[in-house]
Amino acid sequence: MFENNGMNNDTNDVFQQPGGSYYSPRSGYPGGGFQAPGNNDEPPKKKPHKGLKALAVFAGIGFLSYASIQCYQFAAENESIRSFLGKSAAVEEAESAQQEEKAETVTDSAPKTETQAENSVSEAEPMNFVEFASRENAMSLPDIVEKVTPATVGVASTFLYQDTSYSYGMFGFGQPQRIEQEMPATGTGIIMSKDGYIITNAHVIYDSSEQYHMGLAKEIQVVLNENYYEGDIKFDATVVGYDIAEDIAVLKINSTQDLTVAEFGNSDDLRVGELVVAIGNPLGFELFGSVTTGIVSALDREVTINDSTMRLIQTDTAINSGNSGGPLINSYGQVIGINSSKISSNYYSNSASVEGLCFAIPSSHAQKIINDLIQFGYVTGKPQIGISGVDIDETLSQRLGLPVGVYIREVESGSAAELAGLRAGDVIIGINGTTITNYEELKQAKDSYQAGDTITITVSRNNTDLDIQLILQEKIQSDTN
């Protein structure tokens, strides 16, 4: 509610001017009025006629005006008289130019009307997201797409899922039956050479998931974009090499087509906020060659995927299932990343939806890996112990009576572990004096050394701690560490 502020709102109040006094329009003093002349006043005297005087005055004024105009015209046409008076034609011309310049300046600096302002805004070229995020001398988005799309392919993998089932009868379990089932998967790839080398993600052709763990795909096909190639566009691919930890694989096709090769750029030149474009096949080949745009959200982002820690480019460019292995492109149409993964919330969880958290392998990091895979079939210089194992946490430690660490489930034949004397059933609890409590710590400790280095592994065997000297071997693609 509003409260009364004490002001008198009576409409009968009289409005007063400043000063408080009212002045009559007919008098020069307060309260005065108009007075009629009295009877005692003398009658007005008769004044002489003034018509002739007025006529003479008007005639004189007219004559002087005419004479002044004639004199001005004569002086204006005579240069010597003008110089005598102090102004030459050049001076007058300069003054005239200055006056015109001042007039133009005043006109330009004058405030614009609303209509003029709207016209000025409409005539100016509007800045948009692409222009703000692009580099200098950048290509247009359609030109980028036209350049890279022919070098973007589809990768179709067929995995073989094997399982064992048991039949039930009156007397319990029957004989075990072996079940085999084909499971298709799709991804994206990048043409890197005229002779048919294709780059993609390792997880597109190799399944290392805990749920299925199907391993290398049974069959792999590469599909070209039908809008840019004629004739046969499907080719059987062979695996040149792959690295699960780096999530990079190289395929090879034999094609007589004139393949378009992607141009690769330097990911080290990227800046946060820079425009990037992704091309791929989200959710399968029905959306083949889909284009999305965004910016670089972060650089050297440390992300752990499938027990492997990588430093990746973070982007808000839409990357979905099926985009894996496709190109992340800068505003010059150069591939500066290999799209790898995204973070998303569980559909059935109560957590908030997560969008715009996608990651790509930097091209500068991928280059050495790709060269090694083509030349050797594996990434050189990586150390390997040669074991597979499982974590012993606090709960399992109390239940099994084993120390916290990594339980060795299997020792690979001919590996560094076998040569050093490690056994299945040992629990690794330390490397070079550093405590090991889980498999990730073991991997990080091992990867801090090079192939050929000698390390001391501490294991618990039959409730006895042992220090074992081990020479790390160079890792060739396998499931062990």
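The structure displayed is predicted, hence computed values, not measured ones. (Residues numbered from 1 in each chain as written. Predicted model: local features only at pLDDT ≥ 70, side-chain atom pairs only at ≥ 80, totals over all residues. Heavy atoms only, no water.)

Caption draft 1: Region of the structure containing the overall build of the chain. For the chain, the helix and strand inventory stands at 11 helices and 23 strands. Counting contacts in the chain only where the partners sit at least 6 residues apart, residues at least 24 apart contribute 61% of the total. Per element, the accessible surface of the chain, about 30,900 Å² overall, is 51% carbon and sulfur. (Helix = DSSP H or I, 4+ residues; strand = E, 2+ residues; numbered from the N terminus. Contact = heavy atoms within 4.5 Å. Areas by Shrake-Rupley, 256 points an atom, 1.4 Å probe, with all protein chains shown as cover.)

Caption draft 2: Structural context of the packing of aromatic side chains. Tallying each qualifying case throughout the model produces three aromatic pairs. With a centroid separation of 5.5 Å and an interplanar angle of 65 degrees, the aromatic rings of F285 and F288 are classed as edge-to-face. We classify F288 as partly exposed; its relative accessible area is 23%. The interplanar angle of 50 degrees and the centroid separation of 6.3 Å between the aromatic rings of F376 and Y378 together place this pair among those described as tilted. The class for F376 is partly exposed, based on a relative accessible area of 43%. The ring of Y197 carries K252 above its face, with NZ or CZ at 5.5 Å from the centroid. (Phe/Tyr/Trp six-rings, centres within 6.5 Å; stacked < 30°, edge-to-face > 60°. Buried < 20%, exposed > 50% of the residue type's maximum accessible area, 1.4 Å probe, protein only. Lys NZ or Arg CZ within 6 Å of the ring centre and 35° of its normal.)

Caption draft 3: Structural detail: the nonpolar core. Counting residues in each nonpolar core, the largest one holds 44 residues, and the members touching the most others are I191, I205, L224 and L251. Once residues within four sequence positions are removed from consideration, I191 is found in contact with P150, A151, V153, Y197, I198, L224, Y229, L259, T260, V261 and A262. Counting 19 residues, the second largest nonpolar core, distinct from the first, contains I431, I436, I455 and L470. (Core = buried A, V, L, I, M, F, W, Y, C linked by side-chain atoms within 4.5 Å.)

Caption draft 4: Local environment of the pattern of salt bridges. Counted under the stated rule, the structure contains 10 salt bridges. Where E246 meets K382, a salt bridge forms, and the shortest distance between an N and an O atom there is 3.1 Å. Linking E246 in the loop between strand 8 (238-243) and strand 9 (248-252) with K382 in the loop between helix 8 (363-375) and strand 16 (383-384), this pair joins segments that are 136 residues apart in sequence. Looking at K382, the relative accessible area reads 19%, which means it is buried. With a closest N to O distance of 3.3 Å, E302 and R311 form a salt bridge. One network of salt bridges, with partners in common, ties together D243, E246 and K382. (Salt bridge = Lys/Arg side-chain N within 4 Å of Asp/Glu carboxyl O.)

Caption draft 5: Local environment of the pairing of strand 15 (residues 358-362). Most of strand 15 sits inside the fold, with five of its five residues counted as buried. Across three bridges, strand 12 (residues 308-315) lies against strand 15 in antiparallel orientation. Pairing of T315 across the sheet is with C358, part of strand 15. (Pairing = 2+ DSSP bridges.)

Caption draft 6: Broad picture of unusual backbone geometry. One non-glycine residue with positive phi stands out, namely L283, at about 65 degrees. Relative to the assigned elements, L283 resides in the loop between strand 10 (275-280) and strand 11 (290-305). Within the chain, D300 stands out as a residue other than glycine whose phi angle is a positive 55 degrees. With respect to the helices and strands, the residue D300 is situated in strand 11. Of the residues examined, D300 reaches a relative accessible area of 53% and is grouped as exposed.

Caption draft 7: Local environment of the pairing of strand 10. Most of strand 10 is tucked away: six of the six residues are buried. Burial of the side chains of strand 10 extends over both faces: L275, V277 and I279 are buried on one face and V276, A278 and G280 on the other. Here strand 10 runs beside strand 11; their pairing, made up of six bridges, is antiparallel. Pairing of V276 across the sheet is with G294, part of strand 11. Bridging between strand 10 and strand 13 (residues 327-329) involves two bridges; their strand directions are antiparallel. Paired with V277 across the bridge in strand 13 is I329.

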